[in-house]
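Commentary on secondary and tertiary structure
Below are the chains, spelled out letter by letter.
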Amino acid sequence: MGDEEKRHRAITARRQHLKSVMLQIAATELEKEESRREAEKQNYLSEHCPTLSIPGPMAEVQELCKQLHSKIDAAEEEKYDMEVKLQKSTKELEDMNQKLFDLRGKFKRPPLRRVRMSADAMLKALLGSKHKVCMDLRANLKQVKKEDTEKERDLRDVGDWRKNIEEKSGMEGRKKMFESES
């Protein structure tokens, strides 16, 4: 066996040992947690649920049973009343939702279209015959003339590109190109 293989086996054995130790620690922690929960449960039950004291004679035991049954009956009546109220409310809610759904289905909304309307027409529609103010905004705008720049002039002077190519084709065109550059 090589030195490398021995080292690898030692590392694997150490990993296995650490894994088993960790599992043992986790198991003891789980047992402690379970016992702590059980103790809490016992404490809670002892605080909130007093021990049942059964009196000796049979008549007193029967009286205690009657009292317990009357309390259970009262609780059951309340539970039943609450369930009935809940069912009634749920039914009303479902009916109203159905009516709302039916109303929505009857009146189909038309798709809205974009309406182009001038400011004057809009004011006339809103105000009716009271509208006397003219809202022609375009008439109030100033007209600005655009100054020609050198690039635009050059573009206009160049003209159609086909003509330029025809002029520059052949030896005569090249001669013109050199003459115009110099």
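In what follows, the structure referred to is the one given above.
In this report, we go over the structure that sits alongside the text. This structure is a prediction, so every number in the text was calculated from the model and none was measured. (Residues numbered from 1 in each chain as written. Predicted model: local features only at pLDDT ≥ 70, side-chain atom pairs only at ≥ 80, totals over all residues. Heavy atoms only, no water.)

1. What to know about the overall build of the chain
Under the convention used in this document: Each helix is a run of H or I in the DSSP string that is no shorter than four residues. Each strand is a run of E no shorter than two, and both are numbered from the N terminus. Classification of residues uses two cut-offs on accessible area relative to the type maximum, computed with a 1.4 Å probe and protein chains only: under 20% is buried, over 50% is exposed, and between them is partly exposed. Each accessible area is a Shrake-Rupley result for a 1.4 Å probe, and residues are judged covered by the shown protein chains and nothing else.
When its secondary structure is counted, the chain shows six helices and zero strands. With 182 residues in all, the chain has 1% of them scored as buried. Of the accessible surface of the chain, which amounts to about 19200 Å², a share of 57% is contributed by carbon and sulfur atoms.

2. As for the pattern of salt bridges
As a reminder of what qualifies: Salt bridge, as used here: a side-chain nitrogen of Lys or Arg that lies within 4 Å of a carboxyl oxygen of Asp or Glu.
For the coordinates displayed, the defined rule picks out six salt bridges. A salt bridge links Glu 4 to Arg 7; its shortest N-O distance comes to 3.9 Å. Here the residue Glu 4 and the residue Arg 7 both occupy positions in helix H1 (residues 3–48), the gap between them amounting to three residues, near one helical turn. With respect to class, Glu 4 is no different from Arg 7; both count as exposed. Taking the shortest distance from any N to any O, the salt bridge between Glu 5 and Arg 9 comes out at 3.6 Å. Pair noted here: Glu 5 and Arg 9 are both in helix H1, with a separation of four residues, about one helical turn. Using a relative accessible area of 39% as the deciding quantity, one classes Glu 5 as partly exposed.

3. Digging into a nonpolar patch on the surface
Going by this rule: Residues with no salt bridge and a relative accessible area higher than 30% make up the patches, which join like charges within 9 Å and nonpolar side chains (Val, Leu, Ile, Met, Phe, Trp, Tyr) within 5 Å.
A cluster of nonpolar side chains, namely Val 115, Met 117, Met 122, Leu 126 and Leu 127, defines an oily patch on the protein surface of about 520 Å² accessible area. Residue placement: Val 115 occurs in the loop between helix H2 (58–106) and helix H3 (119–127). Note on Val 115: relative accessible area 62%, which makes it exposed.

4. Comments concerning a negative patch on the surface
Here is the rule we go by: Only four residue types enter the tally: Lys and Arg on the positive side, Asp and Glu on the negative side; His and the chain ends are excluded. Working definition for charges: the position is that of NZ of Lys, CZ of Arg, CG of Asp or CD of Glu.
A surface patch of like charges, here negative, comprises Asp 73, Glu 76, Glu 77, Glu 78, Asp 81 and Glu 83. In this fold, Glu 78 is placed in helix H2.

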